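Chain by chain, the residues:
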Amino acid sequence: MPSGQLTVIVSAGQSRNPEKRELEQAIVERAAALQGTQVLCIPHLYDLAKDGETYHTLRQLEGDLVLVTWLFTRAAHWILDRNGIRGQF
């Protein structure tokens, strides 16, 4: 990943509500349009396997991350920290 690149991670909600899916998609599209931004779409943080491919990919990321999730900030931070993704909010 190039230096100075921002990664936006969009964690899908567990709901099948079409309005929520549309909002997630709009965030993905707008973030992807920003220069120097990489976007990753992942399943809901609660649904990720600790030793799964998604966490493996997240652990390899360098630089700043922005996490978009339906979870409260503290809960999302705790889940990521517990699974080896260190950071601050």
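Refer to the structure above for everything that follows.
Note that the structure is a prediction, hence the values are computed from the model and not measured.

*Asks:* Would you explain the overall build of the protein in this entry?
*Replies:* Along its length, the protein carries three helices and three strands. Its C-alpha atoms give the protein a radius of gyration of 13 Å, within 12% of the compact-globule value 12 Å for 89 residues. By its C-alpha atoms, the protein is 35 × 30 × 25 Å across when sized along the principal axes. Counting the 89 residues in the protein, one finds 30% classified as buried. For the protein, the computed accessible surface area is about 6,400 Å², with 51% contributed by carbon and sulfur atoms. When the 9 basic and 10 acidic side-chain charges of the protein are each reduced to a single mean position, those positions are 8 Å apart.

*Asks:* Please explain the sheet that holds strand β3 (residues 65-68) as it appears in this structure.
*Replies:* Strand pairing in a sheet relies on backbone hydrogen bonds, with the paired strands running either antiparallel or parallel. Pairing is parallel across the open sheet formed by three strands, whose spatial order is β2-β1-β3. At either end of the open sheet lies a strand with only one pairing partner, and these are β2 (37-42) and β3. Going from strand to strand, the sheet's axes swing by 20° on average, the running direction of each strand aside.

*Asks:* What should I look at first to understand the layout of surface pockets in this one?
*Replies:* Take a probe with the size of a water molecule and roll it over the atoms, and the empty space left behind shows itself. By volume, the largest pocket is sized at about 490 Å³. Forming the boundary of the largest pocket are 22 residues, of which Leu-65, Leu-67, Leu-80, Gly-87 and Gln-88 lie nearest the centre. Breaking the lining of the largest pocket down by element, the ones donating at least two residues are α2 (53-60), β3 and α3 (73-82). Per-class residue counts for the lining of the largest pocket are ten nonpolar, seven polar and five charged.

*Asks:* Help me out: how do you make sense of the packing of aromatic side chains in this one?
*Replies:* The relation between two aromatic rings is expressed through the spacing of the ring centres and the mutual angle of the planes. Summed over all chains, the structure comprises zero aromatic pairs. We note Lys-20 situated over the ring of Trp-70; from NZ or CZ to the ring centre the distance is 5.0 Å.

*Asks:* Hey, could you run me through the pattern of salt bridges in this one?
*Replies:* Close approach of charged atoms allows side chains of opposite charge to pair. All chains considered together, the criterion is met by two salt bridges. Salt-bridge contacts for Glu-24 lead to Arg-21; the nearest nitrogen and oxygen are separated by 2.6 Å. Linking Glu-24 with Arg-21, this pair stays in helix α1 (residues 18-32), spanning three residues, or about one helical turn. When its relative accessible area of 9% is taken as the criterion, Glu-24 is described as buried. Asp-81 is the salt-bridge partner of Arg-86, the closest N and O atoms lying 3.4 Å from each other.

*Asks:* Would you take a moment to explain the nonpolar core for this structure?
*Replies:* One recurring pattern in soluble globular proteins: nonpolar side chains tend to sit buried together. Counting residues in hydrophobic clusters, the biggest one holds 13 residues, and the most contacted among them are Ile-9, Ile-42, Leu-45, Tyr-55, Leu-58 and Leu-80. Counting only elements with at least two residues in this core, the list comes to β2, α2 and α3. For this core, the leading source of residues is α3, giving three residues. Among residues more than four places away in sequence, those in contact with Tyr-55 are Leu-45, Leu-48, Ala-49, Lys-50, Ile-79, Leu-80, Asn-83 and Ile-85.

Parameters at a glance
Residues numbered from 1 in each chain as written. Predicted model: local features only at pLDDT ≥ 70, side-chain atom pairs only at ≥ 80, totals over all residues. Heavy atoms only, no water. Helix = DSSP H or I, 4+ residues; strand = E, 2+ residues; numbered from the N terminus. Rg over C-alpha atoms; globule rule 2.2 N^0.38 Å. Buried < 20%, exposed > 50% of the residue type's maximum accessible area, 1.4 Å probe, protein only. Areas by Shrake-Rupley, 256 points an atom, 1.4 Å probe, with all protein chains shown as cover. Lys, Arg positive; Asp, Glu negative; His and termini not counted. Charge placed at Lys NZ, Arg CZ, Asp CG, Glu CD. Pairing = 2+ DSSP bridges. Axes fitted to C-alpha atoms, helices over the stretch in contact; angles between N-to-C directions. 1 Å grid on protein atoms, 1.4 Å probe; cavity = no way out; pocket = protein on both sides within 12 Å on 5 of 7 lines; lining within 4 Å. Points joined across faces, edges and corners; volume = space filled by probe spheres on them. Nonpolar A, V, L, I, M, F, W, Y, C, P; charged D, E, K, R; others polar. Phe/Tyr/Trp six-rings, centres within 6.5 Å; stacked < 30°, edge-to-face > 60°. Lys NZ or Arg CZ within 6 Å of the ring centre and 35° of its normal. Salt bridge = Lys/Arg side-chain N within 4 Å of Asp/Glu carboxyl O. Core = buried A, V, L, I, M, F, W, Y, C linked by side-chain atoms within 4.5 Å. Contact = heavy atoms within 4.5 Å.

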